[in-house]
Amino acid sequence: MPLVDIGGRRLSVFDSPAQESAGDVVVFESGLGASGAFWRLVERELQGCARLVSYDRAGYGISDAAQGDRGLEALADDLDALLETLHSQRLVLVGHSWGGPIVRLVARRRRARGQDVTGLVLVDPSDEGASMFFGRAFAVSDAMQRALSVPLARTGLLRRLYGTVLKPLTGELLDAVAEASASVTAARASNAELLGVTAGLEGLLAHPEAETDAPVTVISGARSGRSDRRQRAELIRAHQRRAVQARNGRHVLAPHSGHMVPLSEPEVVADEVRRLLA
């Protein structure tokens, strides 16, 4: 796992060179609290078709921690800086959960600079079109997570919780993802990011311009339990609107998945990446 300097800080990068089409690069952005190794099942599906790059955000794994604000703009700054080191000819950005807004903002910036992406794949992304992110329940959940994550990391319980969430991963891969995501430093990094979620989504809501002229796929997990049925339906509707609003949008349902589509149906994500590179 090489450490890539992005201007005074280093990020741990997982880089799988392509056997062919060396100019095609697919970059994966994880959700809040997740290591870049979270994408390994999707990367296995795509092995050899493009250069595959995932990374640990600041404070996760062995990536250097960052000081100060870690809102959406700051996270996009880091991804933007990493992309400048990759020298791609065709670039696909894939973002899961909170990674969705991050790749959308970076695509928007690149388009403004005349560096548009080849396509976006947004995997069950957080979306400002879903009112759930602005309600009291989300604020309470946010506050509880920030209060508990560091104490849980110190006791080792956070790692156990990650082991439950990451069930489709096994062996050394499960250990690597859980270890990178559940340290005290990672918990603090996650808390800092969580502080900026609502403000970041409000910023996107206030500036609804298109991120890219390239194709955009929005993938929604279709499965829900009794406790989250209403929220899941609302999020799917927001995803459908996102696809319609995109200049070249497509909405895909992952029928056997809830939120963790990259773990439960990695082939669905991989198929959409291949379609963009076809």
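This text gives an overview of the structure that appears in the document. (Residues numbered from 1 in each chain as written. Predicted model: local features only at pLDDT ≥ 70, side-chain atom pairs only at ≥ 80, totals over all residues. Heavy atoms only, no water.)

### Digging into the overall build of the protein
Part 1 of the reasoning: What the protein contains, in helices and strands, is 11 helices and 8 strands.
Part 2 of the reasoning: At 17 Å, the protein has a C-alpha radius of gyration in line with the 19 Å of a compact globule built from 278 residues.
Part 3 of the reasoning: Along the longest, intermediate and shortest principal axes, the C-alpha atoms of the protein span 45 × 40 × 35 Å.
Part 4 of the reasoning: Relative to its 278 residues, the protein shows a buried fraction of 54%. (Helix = DSSP H or I, 4+ residues; strand = E, 2+ residues; numbered from the N terminus. Rg over C-alpha atoms; globule rule 2.2 N^0.38 Å. Buried < 20%, exposed > 50% of the residue type's maximum accessible area, 1.4 Å probe, protein only.)

### With respect to a nonpolar patch on the surface
Part 1 of the reasoning: On the surface, Val-140, Met-144 and Leu-148 cluster together into a nonpolar patch covering about 260 Å² of accessible area.
Part 2 of the reasoning: Relative to the helices and strands, Val-140 is located in helix α4 (residues 136-155).
Part 3 of the reasoning: Taking the relative accessible area as the measure of exposure, Val-140 reaches 35% and is therefore partly exposed. (Patch = residues over 30% accessible without salt bridge, like charges linked within 9 Å, V, L, I, M, F, W, Y side chains within 5 Å. Areas by Shrake-Rupley, 256 points an atom, 1.4 Å probe, with all protein chains shown as cover. Salt bridge = Lys/Arg side-chain N within 4 Å of Asp/Glu carboxyl O.)

### Let's talk about the environment of His-96
Part 1 of the reasoning: Within the fold, His-96 resides in strand β5 (residues 90-96).
Part 2 of the reasoning: Expressed as a C-alpha distance, the spacing of His-96 and Leu-158, which sit 62 residues apart in the sequence, is 21 Å.
Part 3 of the reasoning: With residues up to four places along the chain from it excluded, the contact list for His-96 reads Glu-29, Ser-30, Gly-31, Phe-38, Trp-39, Val-123, His-259, Met-260 and Pro-262. (Contact = heavy atoms within 4.5 Å.)

### What to know about unusual backbone geometry
Part 1 of the reasoning: Its identity is not glycine, yet His-87 carries a phi of approximately 55°, on the positive side.
Part 2 of the reasoning: Tracing the sequence through the fold places His-87 in the loop between α2 (72-83) and β5.
Part 3 of the reasoning: Exposure remark for His-87: the relative accessible area of 68% places this residue in the exposed category.
Part 4 of the reasoning: For Asp-124, which is not glycine, the phi dihedral falls at a positive 40°.
Part 5 of the reasoning: With respect to the helices, strands and loops of the structure, Asp-124 is situated in the loop between β6 (119-123) and α4.
Part 6 of the reasoning: Residue Asp-124 is classed as buried on the basis of its relative accessible area, which comes to 0%.

### Digging into the pairing of strand β3 (residues 24-29)
Part 1 of the reasoning: Across the 6 residues of β3, 6 count as buried, placing the element largely inside the fold.
Part 2 of the reasoning: The alternating pattern of β3 places Asp-24, Val-26 and Phe-28 on one face and Val-25, Val-27 and Glu-29 on the opposite face, and all of these are buried.
Part 3 of the reasoning: The sheet contact formed by β3 and β5 spans 6 bridges and is parallel. The partner of Asp-24 across the bridge, within β5, is Arg-90.
Part 4 of the reasoning: As judged from the 4 bridges shared by β3 and strand β4 (residues 51-55), these two strands associate in the parallel manner. Across the sheet, Val-25 pairs through a bridge with Arg-51, a residue of β4. (Pairing = 2+ DSSP bridges.)

### Thoughts on helix α3 (residues 99-112)
At 3.6 residues per turn, the α-helix brings residues three or four places apart onto the same side.
Part 1 of the reasoning: Compared with the 20 Å implied by 1.5 Å per residue over 14 residues, the 20 Å span of α3 between its first and last C-alpha is a close match.
Part 2 of the reasoning: The buried fraction of α3 amounts to 12 of the 14 residues, a majority that puts the element mostly inside the structure.
Part 3 of the reasoning: For α3, the complete set of buried residues consists of Gly-99, Gly-100, Pro-101, Ile-102, Val-103, Arg-104, Leu-105, Val-106, Ala-107, Arg-108, Arg-109 and Arg-110.
Part 4 of the reasoning: Where the residues of α3 are buried, they touch β3, α2, β5, β6, α8 (197-206) and α9 (229-245). (Expected span 1.5 Å × (residues − 1).)

### Some thoughts on the pairing of β4
Part 1 of the reasoning: Counting buried residues along β4, 4 of its 5 residues qualify, which places the element largely inside the surrounding structure.
Part 2 of the reasoning: As paired elements, strand β2 (residues 10-16) and β4 share 4 bridges and run antiparallel to each other. Counted as the bridge partner of Phe-14 is Ser-54 from β4.
Part 3 of the reasoning: The parallel pair β3 and β4, bridged by helix α1 (residues 40-46), forms a crossover whose chirality is right-handed. (Right-handed = clockwise from strand over helix to strand, strands pointing away.)

### Describing the packing of aromatic side chains
Part 1 of the reasoning: Here the structure, examined in full by the defined rule, presents 3 aromatic pairs.
Part 2 of the reasoning: Ring geometry for Phe-28 against Trp-39: centres 5.0 Å apart, planes inclined by 35°, an arrangement best described as tilted. With a gap of 11 residues between them, Phe-28 in strand β3 and Trp-39 in the loop between β3 and α1 connect regions that are remote in the sequence.
Part 3 of the reasoning: By relative accessible area, Phe-28 is classed as buried at 0%.
Part 4 of the reasoning: Measuring from ring centre to ring centre gives 5.8 Å for Phe-38 and Trp-39, while their planes differ by 85°; the resulting arrangement is edge-to-face.
Part 5 of the reasoning: A residue is classified by how much of its surface remains accessible, and Phe-38, at 3% relative accessible area, is buried. (Phe/Tyr/Trp six-rings, centres within 6.5 Å; stacked < 30°, edge-to-face > 60°.)

### Structural notes on the side chain of Asn-191
Part 1 of the reasoning: By the element assignment, Asn-191 lies in helix α7 (residues 184-194).
Part 2 of the reasoning: Residue classification places Asn-191 among the buried positions, given a relative accessible area of 11%.
Part 3 of the reasoning: Contact partners of Asn-191, with chain neighbours within four places excluded, come to Gln-145, Arg-146, Ser-149 and Val-150.

Honestly, it's all geometry; don't read function into it.
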